[in-house]
Number of protein chains: 4
Amino acid sequence: MIRWECDYAEGCHPRLLEALTRTNMEQTPGYGVDGHCDRARGLIRELCHAPQAAVEFLVGGTQTNTTVIAAALRPHQGVLCAQTGHINCHETGAIESTGHKVLPLPSADGKITAQQVQQAMEAHLADPTREHVVQPGMVYLSHPTEQGTVYTADELTAISQVCRAYGLTLFVDGARLAYGLAAETSVTLPLLYQLCDVFYLGGTKVGALFGEAVVISNPALAQDFRYFIKQRGGMLAKGRLLGVQFETLLEDGLYFRLGQNGVEQARKLSAAFQAKGYPMRYDSPTNQLFPVPPDAHLEQLADRHVWSVWEKVDESHTAVRFCTSWCTTDAQVEQLVADLAGL
Amino acid sequence: MIRWECDYAEGCHPRLLEALTRTNMEQTPGYGVDGHCDRARGLIRELCHAPQAAVEFLVGGTQTNTTVIAAALRPHQGVLCAQTGHINCHETGAIESTGHKVLPLPSADGKITAQQVQQAMEAHLADPTREHVVQPGMVYLSHPTEQGTVYTADELTAISQVCRAYGLTLFVDGARLAYGLAAETSVTLPLLYQLCDVFYLGGTKVGALFGEAVVISNPALAQDFRYFIKQRGGMLAKGRLLGVQFETLLEDGLYFRLGQNGVEQARKLSAAFQAKGYPMRYDSPTNQLFPVPPDAHLEQLADRHVWSVWEKVDESHTAVRFCTSWCTTDAQVEQLVADLAGL
Amino acid sequence: MIRWECDYAEGCHPRLLEALTRTNMEQTPGYGVDGHCDRARGLIRELCHAPQAAVEFLVGGTQTNTTVIAAALRPHQGVLCAQTGHINCHETGAIESTGHKVLPLPSADGKITAQQVQQAMEAHLADPTREHVVQPGMVYLSHPTEQGTVYTADELTAISQVCRAYGLTLFVDGARLAYGLAAETSVTLPLLYQLCDVFYLGGTKVGALFGEAVVISNPALAQDFRYFIKQRGGMLAKGRLLGVQFETLLEDGLYFRLGQNGVEQARKLSAAFQAKGYPMRYDSPTNQLFPVPPDAHLEQLADRHVWSVWEKVDESHTAVRFCTSWCTTDAQVEQLVADLAGL
Amino acid sequence: MIRWECDYAEGCHPRLLEALTRTNMEQTPGYGVDGHCDRARGLIRELCHAPQAAVEFLVGGTQTNTTVIAAALRPHQGVLCAQTGHINCHETGAIESTGHKVLPLPSADGKITAQQVQQAMEAHLADPTREHVVQPGMVYLSHPTEQGTVYTADELTAISQVCRAYGLTLFVDGARLAYGLAAETSVTLPLLYQLCDVFYLGGTKVGALFGEAVVISNPALAQDFRYFIKQRGGMLAKGRLLGVQFETLLEDGLYFRLGQNGVEQARKLSAAFQAKGYPMRYDSPTNQLFPVPPDAHLEQLADRHVWSVWEKVDESHTAVRFCTSWCTTDAQVEQLVADLAGL
């Protein structure tokens, strides 16, 4: 059985486990102030062309989103995001649990636009009863989105300009950032650093056991950020586990190669789905694919493959999600391509 | 200038001020455990045919909604309500500030249906990733709604049955309850007591200076409820001010007559709007009317009348809100009717 | 029976009720942006010699404390206060309900010192694990304190200097401010405005039905403050009720005279207690007195007087609290003095 | 340099890394519903003699404490604990960030007594103003405590009885549970399961890379507990990492042997400290020792050893903390014993 249902079904890239084993009996201070974390910080600063960047490591995505958002907003503020955003749909209200409303904007493909943000702000400012309404204080994007789509450099730049014009914090959730960087080369780490107040490089879905590296360019947000990590339960006692993993992922570009593997394997799969004439629910250039096969085909594939159900489209068709990942092999893809061809 | 923009532009019914003046130098214990509050509690229990009802008094609506909802929900739960619900739109995120997500349901007229609630629960229970999603824990309705519409006894009964089947707390915001009771006689206080876990009789918009009387039928919610009032800043030091007002409103039916005045004056106005051929944005039988006059007419009316703007409908028409209230006079209505006739 | 147990047993000064009656049928906008509130704001700015002060009106003390504190702190910060502070003891965890820890400092008389604040900050900054500890972000004082004691201008100035040196917000709870101003004349409204970031003039305990007037000198805290009031449930629909009351209290010094009445009546009582040889639990120059009579005396007084029990001191003595207030009459005091003399 | 400053300076027991490596490329479902987690659950249920126990895995201690406490309390409730409790001192206000006050009880050695809990409840219930005070809703203990001390079975039984009598949830923080079980054999896992509503077996400090296994006996608390884990950011995507580690720790008693190693090495050290005549700040039978050496001795030891400073005791003496752990070796202990002997 091959599992395509997510990009975190396996453990980690073997080199990370080797590094964890090699460093296992080192004695280091806890909580992410050890040499491994510092070296990983340095690598990220270099990659972002940002020697002054604040870099902190957390364990998981929901934890990171909650910590960043609660740190940035004042109590009466909320966070603008796509209706389909992870923080709006799949975090059991973690953002609201910190007191902040998520302010959803309509989106067909998981993305929002500079114009939508501007309109939301103009509408708020024009409302004579605005003190009775949550004030937008932040924009949250995912790159790639939950739908696998990506922003271009121009789109992100436009959003960043609106955010700065209206005093909004811009936050990019990069849980799958390596796949986005591989698919849309106009967006780079230095550009993200320049445009955002804060973003993160996701490790959990790109070859690490766990771990998200938060990069903060806004000094007001960076101040005391480690207190917030501790308060939200995200300060790992053996913080060096995060440092060791990001060191290994970043010291020679492994992170980016793993992202490329996910995207390249997805391209092969995508071609195979389209060869079967399946419509694609979203036009994703990254490692998540959303074909809409006939249910009869799905039934046959189920002998050897597992995927996740997205939504029922009509009586005989279902949109499904197939994820490739950092560790998808040629053999796995060839098997699925062959099974599709045999339908 | 006559203000029609809301139903809380004046102070209170003169009899309430007289009662406050008459009792002013009495010495009573604070925090709502005095004789006036107790007598008001007794009157409400009688009116609800519910000798065992828990009754508490708070100052305002947002405070009441926040206190009730935060008292009823566990941390991972949210509250289902119409997209247009007051808690979703006009409380600066007060519900979210207590940690709970508002779960909006689509609504054209401010109401939601038993079927919508049932579908939301079925969708949640059928979701294999439901632990990543906020669990609905409560249904919040307004009667009347923000759009002036009302529920029938049958509609409320159906919603109540669904709530009980799925373990949802049912909460009716009665900020304008007297207008709802006057407009839709199938809904009565005893019925509300039977169907809901908790509801309130709004005073602020029906002749009191301020004050909302919360009636709780669910004993688990009633337990320790006064701690919640205190914690949320809603426990008035001179609580007897609430008792004196509700005593006066309820001892001889004044509350209900004030509601009837609002509805009757609105009926006259509504006839006048319709005589002019204005469409009505919502079909409201209560004290809020939403005509859509030509902008040219509004311009002329502005010499003598104030209303609130609801939304621009097209280039030359605007939906507006005219509220009558407990103290709208025949003379005020006649003036507006005359001014309309003269357009 | 004469109630000495608190200073909010009666309604309000008759002139306030007259003003409420006189203005009752005026139509005004809601939520505190009417002419009465604006006039009251102007009077407060004049009294504080602070034309630029932000002034807002809330209904009660717990609500005000919660709103101010949650507005001023970032999530990882807490508020330093005397162990006996109202926010630490008698608000059902309202501060914690907004996510912030109350950081109590030992206090024998309800007051804290500049040195204590400085030591707390130095200890925090010197702690190598300080990211695991709540960061002090504010100092909360009451003037007078819960024990009836007051700060001198020198003491407040010293605390203010420490707060500014360490970036702490200074907040003075003035629920009984008029009594403090009457008792300790070195502290004035202009001085409070200069030394604090925010303080309030309490109305509930000094002749109003309800109402606290918050004065904010720190522009960063003033920004968007009305959103916070709404979010915490403190924005009164008929906000003009607060404006009318503070207008009346402040336009000719009534507020200060009411404070003086409380203090003067307390002085007479205090002399009588001391004439009986009762020790005083705290050395209070304001309207709250804490004598420690023999229980046998209390038993006899109970025929005609009510007070509140503070704490059992030994087998035969109890510290009790007697409050005078804005409306304590000569006759009431004479009765108690006579009853004491007769013991 | 040998680090004695904490018990989480190294990675994990080599067998855990081997198991993680062996299972690394398995494809499993995420979020702790895989076979490894289920097997670990089964082992814990067996060890607790509790086939019906709910068992969930979280990453770290602060996260676990926050998730459990926020799940158990209603909004107006707080948690009783020793003044020195981890949740009161070293979690950056994580508990308060969920809205709940920590209610500290005085403690000289990190422990609290059944009598203290009973008195706190009696005082609360006897207080006529108790609705203005946070209601105790839970008792939080650590076993061992932050001071290394342990409860006996009798002490825990007495606390559990008081908790049940007053409806308090009993929660035991077992971050260092293996050391407690090794030191005080009257307390066993089945006993903890019977006495507590919830407790946990800490992995982070006993041989795991990270991980805490929460055991819930109270069905009301167990209901929907996984929603809380997700909401608080504690649901690890690759949950099987927790399962694999606890499987390995528990399948043949490794967890308990690691606890014994910590305790035995500590006993040798303790004898050496006492041979030098150092007073012990706390009488700890577990893996944390708190000797009070002369500062001159500390200066000499600093060439080869690192510890943490507890508190300055007098001008020439400092209480310090030396921790042994699951991986402290005979050689390390012998080195320190020799260095002590040479002073």
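Residues numbered from 1 in each chain as written. Chains lettered and ligands numbered in written order. Predicted model: local features only at pLDDT ≥ 70, side-chain atom pairs only at ≥ 80, totals over all residues. Heavy atoms only, no water.

So, the overall build of chain A
Broken down by element type, chain A carries 15 helices and 12 strands. Here the C-alpha atoms of chain A give a radius of gyration of 20 Å, agreeing with the 20 Å that 2.2 N^0.38 yields for 343 residues. Dimensions of chain A, computed from the C-alpha atoms along their principal axes, are close to 60 × 60 × 35 Å. Counting across all 343 residues of chain A, residues that qualify as buried make up 66%. Taking contacts inside chain A between residues at least 6 apart in sequence as the whole, the part at least 24 apart equals 73%. With the model as given, the accessible surface of chain A reaches about 11400 Å², and the carbon-plus-sulfur share is 51%. One way to put it: in chain A the 26 positive side-chain charges average out to a point 5 Å from where the 37 negative ones average out. (Helix = DSSP H or I, 4+ residues; strand = E, 2+ residues; numbered from the N terminus. Rg over C-alpha atoms; globule rule 2.2 N^0.38 Å. Buried < 20%, exposed > 50% of the residue type's maximum accessible area, 1.4 Å probe, protein only. Contact = heavy atoms within 4.5 Å. Areas by Shrake-Rupley, 256 points an atom, 1.4 Å probe, with all protein chains shown as cover. Lys, Arg positive; Asp, Glu negative; His and termini not counted. Charge placed at Lys NZ, Arg CZ, Asp CG, Glu CD.)

Concerning helix α2 (residues 35-47) of chain D
Residue and element names in this part refer to chain D. For α2, which comprises 13 residues, the first-to-last C-alpha distance of 18 Å matches the rise-based estimate of 18 Å (1.5 Å per residue) to within 8%. Listed in full, the buried residues belonging to α2 are His 36, Cys 37, Ala 40, Arg 41, Leu 43 and Ile 44. The arc that holds every buried residue of α2, seen down its axis, measures 165 degrees, which confines them to one face. Of the residues in α2, the exposed ones pointing more than 90 degrees away from the buried face are Gly 35 and Glu 46. Taken together, the buried residues of α2 touch β2 (54-58), β8 (212-216), α11 (225-231) and α12 (240-250). Structurally, the start of α2 carries an N-cap: the backbone nitrogen of His 36 is 2.9 Å from a side-chain oxygen of Asp 34. (Expected span 1.5 Å × (residues − 1). Arc of directions from axis to C-beta. Polar contact = N/O pair within 3.5 Å; in protein donor to acceptor, adjacent residues only side chain to side chain.)

Quick notes on the domain arrangement of chain A
All names here are of chain A. Domain annotation of chain A identifies domain 1 (2-7 + 255-341) and domain 2 (14-253). Relative placement of domain 1 and domain 2: their C-alpha centres are 27 Å apart. Facing the 22 residues of domain 1 at the interface are 31 residues of domain 2. Of the roughly 2000 Å² buried between domain 1 and domain 2 on both sides combined, carbon and sulfur atoms contribute 60%. The three residues of domain 1 that bury the most area against domain 2 are Asp 7, Tyr 255 and Phe 256, which together make up 37% of that side's buried surface. Our count for the domain 1 to domain 2 interface comes out at two salt bridges. Among the ionic pairs, Asp 7 bridges to Arg 176, the shortest N-O distance being 2.6 Å. (Domains from an automatic or database assignment. Buried area = accessible area lost by both parts, 1.4 Å probe. Salt bridge = Lys/Arg side-chain N within 4 Å of Asp/Glu carboxyl O.)

Side note on the nonpolar core
Residues Val 139, Phe 199 and Phe 210 of chain A together with Val 139, Phe 199 and Phe 210 of chain D are the most contacted members of the largest nonpolar core, which totals 140 residues. Membership of the second largest hydrophobic core comes to 139 residues, among which are Leu 80, Leu 177 and Trp 326 of chain B together with Ala 208 of chain C. (Core = buried A, V, L, I, M, F, W, Y, C linked by side-chain atoms within 4.5 Å.)

Some points on the interface of chain A and chain D
Contacts between the two partners involve 44 residues from chain A and, on the opposite side, 45 residues from chain D. Carbon and sulfur atoms make up 55% of the area that chain A and chain D hide from each other, which totals about 3900 Å². Three residues stand out in chain A for area buried against chain D, namely Tyr 8, Gln 27 and Lys 238 of chain A, and they jointly supply 18% of the buried area on that side. Scanning the region where chain A abuts chain D turns up zero salt bridges. Applying the counting rule to chain A against chain D returns 26 residue pairs in polar contact (both at pLDDT 80 or more). Among the secondary structure elements, those contributing two or more residues to the side of chain A that touches chain D are β1 (2-3), α1 (14-22), α3 (61-72), α5 (94-97), α11 (225-231) and α12 (240-250) of chain A. For the side of chain A that touches chain D, the residue count by class is 21 nonpolar, 15 polar and eight charged. (Nonpolar A, V, L, I, M, F, W, Y, C, P; charged D, E, K, R; others polar.)

With respect to the relation of the copies chain A and chain D
Its rotation angle being 180 degrees, the transformation that places chain A on chain D also includes 0.0 Å of axial translation and leaves an RMSD of 0.0 Å. Both copies of the chain, as the preceding transformation shows, are related through a two-fold rotation axis. The share of interface residues of chain A whose copies in chain D are also at the interface is 100%, consistent with both copies meeting through the same surface. (Least-squares fit on C-alpha atoms with pLDDT ≥ 70 in both.)

A short note on the pairing of strand β7 (residues 198-202) of chain C
On any regular strand, side chains alternate: one points to one face of the sheet, the next to the other face. All names here are of chain C. Across the five residues of β7, five count as buried, placing the element largely inside the fold. Residues of β7 alternate between two faces, with Val 198, Tyr 200 and Gly 202 on one and Phe 199 and Leu 201 on the opposite face, all of them buried. As paired elements, β7 and strand β8 (residues 212-216) share five bridges and run antiparallel to each other. Counterpart to Tyr 200 in the pairing with β8 is Val 214. (Pairing = 2+ DSSP bridges.)

Some points on the side chain of Asp 173 of chain D
Residue and element names in this part refer to chain D. Assignment of secondary structure puts Asp 173 in strand β6 (residues 169-173). Of the side chains with opposite charge, Lys 205 comes closest to the buried, unpaired Asp 173, at an N-O distance of 7.0 Å. Polar contacts involving the side chain of Asp 173 include one to the side chain of Tyr 200, which spans 2.9 Å. With residues up to four places along the chain from it excluded, the contact list for Asp 173 reads Asn 65, Tyr 140, Leu 141, Ser 142, His 143 and Tyr 200.

Things to note about the interface of chain A and chain C
Listed as interface residues are 24 residues of chain A and, on the opposing side, 24 residues of chain C. Surface buried jointly by chain A and chain C totals about 2100 Å² across both partners, of which 49% is contributed by carbon and sulfur atoms. The interface formed by chain A and chain C holds two salt bridges in total. When the shortest N-O distance is used, the salt bridge between Glu 131 of chain A and Arg 226 of chain C registers 2.9 Å.

Remarks on the packing of aromatic side chains
Enumeration over the complete set of coordinates arrives at 54 aromatic pairs over all chains. For Lys 111 of chain A, the ring lying beneath its charged end belongs to Tyr 151 of chain A, and the centroid distance is 5.3 Å. (Phe/Tyr/Trp six-rings, centres within 6.5 Å; stacked < 30°, edge-to-face > 60°. Lys NZ or Arg CZ within 6 Å of the ring centre and 35° of its normal.)

Focus on the relation of the copies chain A and chain C
When chain A is fitted to chain C, the best match, at an RMSD of 0.0 Å, comes from turning it 180 degrees and sliding it 0.0 Å along the axis. Of the interface residues in chain A, 100% have counterparts in chain C that sit at the interface too, so the contact is made through matching surfaces.

Focus on the side chain of Lys 111 of chain C
Residues and elements named next belong to chain C. Structurally, the position occupied by Lys 111 is in the loop between β4 (102-105) and α6 (114-126). Using a relative accessible area of 15% as the deciding quantity, one classes Lys 111 as buried. Of the polar contacts made by the side chain of Lys 111, one reaches the backbone oxygen of Val 150; its length is 2.9 Å. If we skip the residues at most four places from it in the chain, Lys 111 touches Gln 116, Thr 145, Thr 149, Val 150, Tyr 151 and Glu 155.

Structural notes on the sheet that holds strand β3 (residues 77-82) of chain D
Residues and elements named next belong to chain D. A sheet is described by the order of its strands in space; here seven strands give the open sequence β2-β8-β7-β6-β5-β3-β4, paired in mixed fashion. Edge strands, defined here as strands with exactly one partner in the open sheet, are β2 and β4 (102-105). Taking the axes of each pair of neighbouring strands and ignoring which way they run, one obtains an average angle of 25 degrees across the sheet. Pairing between β3 and β4: four bridges, direction parallel. Across the sheet, residue Cys 81 finds its bridge partner in β4, namely Pro 104. Against the sheet, helix α6 (residues 114-126) contacts β3, β4 and β5 (135-142), and its axis sits at roughly 170 degrees relative to β5. Of the strands in this sheet, β5 and β6 are in contact with helix α7 (residues 153-166), which crosses β5 at around 165 degrees. (Axes fitted to C-alpha atoms, helices over the stretch in contact; angles between N-to-C directions.)

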